[in-house]
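Chain by chain, the residues run as shown.
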Amino acid sequence: MTRTALVLGASGGFGGQAAQALQAAGWTVRPYSRGTDMAVAAKGAALVVNGLNPPNYHDWARLIPEITTAVLAAGKASGAVLLVPGNVYPFGKEPGPWNADTPHRPVSRKGRIRAEMEARYRAASDRGQRTILLRGGDFLLPEAPQMLMNRVTLGQVAKGRITALGDPEALHAYAYLPDMTRAAVALVALGEALPTYADIPFAGHAFTLADLAALVSRLSGRPMRIRHFPTWIFTVASPVWELARELREMLYLSSFPHALDPAPLRRWLPDWQDTDLDEVILRHLAARGLQGRSMSTQTGK
């Protein structure tokens, strides 16, 4: 197998981190140039990473199917394995922890779009298309201002506030992208040991915003209080603001307790270790210009 990967969306969150993880593992990475023929670009690649995602939920109903069609065509033309980041939207409010056996019963329009997308990858696997769908919760990446954690949750942390979009006591799943993409590259290395369609949850970290407030307070040495975002704004602005309309639909995840099952990843990667949550949050605080206490003081390392 050639170790060349075509990375779609290499300037974005998942795509960018996947490109770095692949390069660190010795792969040759080719960024995809938007607007070019994806099937042609994939020729000679052993892996196609689908890091494309319309920003701010823009026009998902049209764009997600278009992207899926192009990615499947690229996989067919090249024979490459497809690496696709999944999310938790298809599960709706099913009991957890969520894994490949959890039924897809979305309660949102975007959940239905993603469930239909995944069904197409699964159907393609019946025709021999190898696909790894690695599913994570909300992405965490300290240097990416577009991430919800940076844009909203920690948006006023310098003022001693953690911002909640829902129940601050509800457990919530998060995926630290450098870890998630590192796990993805390790799964790719397993080759045909994986099933043709490998739907694997990436448990990452799960915590409540109350937990986060306490953690930030301990790491920074500054008191934190939880502020509830006035979500009625999304309702008022929905008729004229696409992002408000799309965020409003997903607010249920801020109050519905959920987590992903860590067992499947441990089965495939028994030595897997996540970056310590203290370190992840310290990096977020540093990205916002806040000086956290030293890790040696906080964790005894």
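Above this text sits the structure in question.
The rules behind each value
Residues numbered from 1 in each chain as written. Predicted model: local features only at pLDDT ≥ 70, side-chain atom pairs only at ≥ 80, totals over all residues. Heavy atoms only, no water. Helix = DSSP H or I, 4+ residues; strand = E, 2+ residues; numbered from the N terminus. Rg over C-alpha atoms; globule rule 2.2 N^0.38 Å. Buried < 20%, exposed > 50% of the residue type's maximum accessible area, 1.4 Å probe, protein only. Contact = heavy atoms within 4.5 Å. Areas by Shrake-Rupley, 256 points an atom, 1.4 Å probe, with all protein chains shown as cover. Pairing = 2+ DSSP bridges. Axes fitted to C-alpha atoms, helices over the stretch in contact; angles between N-to-C directions. Core = buried A, V, L, I, M, F, W, Y, C linked by side-chain atoms within 4.5 Å. Lys, Arg positive; Asp, Glu negative; His and termini not counted. Salt bridge = Lys/Arg side-chain N within 4 Å of Asp/Glu carboxyl O.

**Student:** I'd love a proper account of the overall build of the protein, names of residues and values included.
**Tutor:** Per the secondary structure count, the protein includes 12 helices and 11 strands. A compact globule built from 301 residues should have a C-alpha radius of gyration of about 19 Å, and the protein, at 19 Å, falls within 12% of that. For the C-alpha atoms alone, the extent of the protein along its principal axes is close to 55 × 50 × 35 Å. A total of 301 residues make up the protein; the buried ones form 53% of that total. A sequence separation of at least 24 residues applies to 77% of the contacts in the protein between residues at least 6 apart. Total accessible area computed for the protein in this model is approximately 13400 Å², and 53% of it derives from carbon and sulfur atoms.

**Student:** Give me the lowdown on the sheet that holds strand 1 (residues 4–8), citing residues and values where you can.
**Tutor:** In any sheet, the strands associate via hydrogen bonds between backbone groups, in a parallel or an antiparallel arrangement. Ordered in space as 2-1-3-4-5-9, the six strands form an open sheet in which the pairing is parallel. Whereas interior strands pair on both sides, the edge strands pair on one side only; in this sheet they are strand 2 (28–31) and strand 9 (197–201). Adjacent strand axes in the sheet meet at a mean angle of 20°, parallel and antiparallel pairs treated alike. Contacts from helix 1 (residues 13–24) reach strand 1, strand 2, strand 3 (47–50) and strand 4 (81–86), with the element oriented near 165° to strand 1. Running over the sheet, helix 6 (residues 177–188) touches strand 3, strand 4, strand 5 (131–135) and strand 9 and is turned about 155° from strand 5.

**Student:** Can you explain the nonpolar core? Please cite residues and give values.
**Tutor:** Counting 43 residues, the largest nonpolar core has Leu8 and Tyr121 as the members making the most contacts within it. For this core, the secondary-structure elements that each account for two or more residues are strand 1, helix 3 (60–78), strand 4, helix 4 (109–125), helix 8 (232–237) and helix 9 (242–249). Tallying contributions element by element places helix 3 first for this core, with six residues. With residues near it in sequence (within four places) discarded, Leu8 still touches Gly15, Tyr32, Met38, Val48, Val49, Asn50, Gly51, Leu52 and Val71. Ala5, Ala46, Val188 and Ile200 belong to the second-largest nonpolar core, a separate cluster that totals 35 residues.

**Student:** How would you explain unusual backbone geometry if you had to name every residue and give the values?
**Tutor:** When glycine is set aside, most residues are seen to have a negative phi, and most peptide bonds are trans. In the segment running from Gly96 into Pro97, the intervening peptide bond is cis, with an omega of 0°. With respect to the element layout, Pro97 can be found in the loop between strand 4 and helix 4.

**Student:** Can you explain the side chain of Arg114? Please cite residues and give values.
**Tutor:** Assignment of secondary structure puts Arg114 in helix 4. An unpaired buried charge is present at Arg114: no salt bridge exists, and Glu118, the closest side chain of opposite charge, is 5.2 Å distant. Those residues in contact with Arg114 that lie beyond four places of it in its chain are Asn53, Trp60, Pro85, Gly86, Asn87, Tyr89 and Pro90.

**Student:** Which residues make up the sheet that holds strand 6 (residues 138–140), and what values do they have?
**Tutor:** Taken in spatial order, the three strands of this open sheet run 6-8-10, and their pairing is mixed. For this open sheet the edge positions go to strand 6 and strand 10 (205–207), each flanked by a neighbour on one side alone. Pairwise comparison of adjacent strand axes, ignoring direction, gives a mean angle of 35° for this sheet. Direction of pairing for strand 6 relative to strand 8 (residues 172–176): parallel, over a ladder of three bridges. Bridge pairing in strand 8 places Leu140 opposite Tyr176. Here helix 6 sits on the sheet and contacts strand 6 and strand 8; the angle it forms with strand 8, its principal contact strand, is near 70°.

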